[in-house]
Amino acid sequence: MSDASDRRGADITNANVEAAYARWAPVYDAVFTLTMTPGRKAAAAAVNRLGGRVLDVGVGTGLELPMFDASVRLVGIDLSQPMLELARKRVAARNLTNVEDLRVMDAMNLQYEDGAFDVVVSPFVITTVPDPRRTLEEMARVVRRGGEIILVNHIGAESGPIAAIEKLMERRAEKLGWRPQFPWSVIGDWIDARPDLALLERRRLSPLGLFTLTRIHKS
């Protein structure tokens, strides 16, 4: 990972994230459902093709939980207790009996055994954690050989007006709870450095290609 990426990673702490998402929790669904639904649907569709036991890292308010097939066994974790409380209400209201557990947990320190899951899915999370590489390492650790890691997140623009807007927003990263500037190299370099990982798919999603679906196979 580049030094620039490391500096960006230092801009956010778990305390920043917890505080930000405690503020976001009451309005999160209203603010983000529309723009993020295509990404959540794409992630859920990729999971549903695979099935098995799935870890949802950064499950938040549980917006994607109803999108998974009933046969998929789900475990969700999130750093934010207020967000998880909303996820639990959604599970109860929708009678999502395939959700085995929802618990507060740090994505950089997953409390599960090696290879415990068939799939790890993480929509809109990797830009919110203090140390993306450590988080990716934890995801790779808990997914079994032959399994997949499925990410959806915003990849920062390299140039143009969007890049300029992202640069301005980056100054507020700790308040927002995520980093608007997030280079693909954070993920791509990590995959390249591990011989047991292979990039299966990298696809831009609507709206306007703002988000990217990434599928990674662990051999």
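Residues numbered from 1 in each chain as written. Predicted model: local features only at pLDDT ≥ 70, side-chain atom pairs only at ≥ 80, totals over all residues. Heavy atoms only, no water.

That bond from S206 to P207 is cis: its omega, 5 degrees, falls within 30 degrees of zero. Its identity is not glycine, yet N95 carries a phi of approximately 50 degrees, on the positive side. Not every positive phi belongs to a glycine, and F124 is a case in point at roughly 60 degrees. Counting through the fold element by element, F124 comes out in the loop between β4 (117-123) and α5 (132-142). (Helix = DSSP H or I, 4+ residues; strand = E, 2+ residues; numbered from the N terminus.)

A few words on the sheet that holds strand β7 (residues 211-218). Overall, mixed pairing links the seven strands, which are arranged β3-β2-β1-β4-β5-β7-β6 in an open sheet. Sheet topology places β3 (99-104) and β6 (197-205) at the edges, where each strand pairs with a single neighbour. Recorded for the sheet is a direction-independent mean angle of 15 degrees between the axes of neighbouring strands. Of the strand pairs in this sheet, β4 and strand β5 (residues 143-154) are connected by six bridges, and their pairing is parallel. When the bridges of β5 are listed, P123 appears paired with V152. (Pairing = 2+ DSSP bridges. Axes fitted to C-alpha atoms, helices over the stretch in contact; angles between N-to-C directions.)

Here α5 crosses helix α8 (residues 185-193) at 50 degrees, and the two axes come no closer than 10 Å. When the axes of α5 and α8 are compared, the pair comes out oblique. Between α5 and α8 lies a crossing of right-handed hand. When α5 is examined against α8, the residues P132, R133, L136, E137 and A140 are found in contact with a partner set consisting of V186, I187, W190 and A193. In terms of residue class, the contact of α5 with α8 is made up of seven nonpolar, no polar and two charged. (Parallel < 35°, antiparallel > 145°, perpendicular 65-115°, else oblique. Left-handed = near helix turned anticlockwise from the far one by under 90°. Contact = heavy atoms within 4.5 Å. Nonpolar A, V, L, I, M, F, W, Y, C, P; charged D, E, K, R; others polar.)

Note: β6 against β7, eight bridges, orientation antiparallel. Looking across to β7, one finds that R202 is bridged to T214. What sits between β6 and β7 in their antiparallel hairpin is a turn of five residues, with L208 showing a positive phi close to 60 degrees.

One side chain can pair with another of opposite charge once the charged atoms of both are near each other. If you walk through the whole model with that rule in mind, you get 13 salt bridges. One salt bridge in this structure joins R73 and E100, with 4.0 Å as the shortest N-O distance. With R73 in strand β2 (residues 73-78) and E100 in strand β3, the pair connects residues that are 27 residues apart, well separated along the chain. What makes E100 partly exposed here is its relative accessible area of 42%. Between R203 and E201 there is a salt bridge, and its shortest N-O distance comes to 2.7 Å. Given a relative accessible area of 19%, E201 falls into the buried group. Each of E148, E201, R203 and R215 takes part in a single network of salt bridges with overlapping partners. (Salt bridge = Lys/Arg side-chain N within 4 Å of Asp/Glu carboxyl O. Buried < 20%, exposed > 50% of the residue type's maximum accessible area, 1.4 Å probe, protein only.)

As enumerated under the stated definition, the model contains five aromatic pairs in all. A centroid spacing of 5.0 Å and a plane angle of 65 degrees characterise the contact between W24 and F32, whose relative ring orientation is edge-to-face. Relative accessible area serves as the criterion here: at 12%, F32 is assigned to the buried category. Residues F124 and F211 carry aromatic rings whose centres are separated by 4.9 Å and whose planes lie at 80 degrees to one another, so their mutual orientation is edge-to-face. On the criterion of sequence distance, the pair formed by F124 in the loop between β4 and α5 and F211 in strand β7 is long-range, its members being 87 residues apart. For the pair formed by F124 and F211, the shared burial category is buried. Through a chain of ring-to-ring contacts, the aromatic side chains of Y21, W24, Y28 and F32 assemble into a single cluster. (Phe/Tyr/Trp six-rings, centres within 6.5 Å; stacked < 30°, edge-to-face > 60°.)

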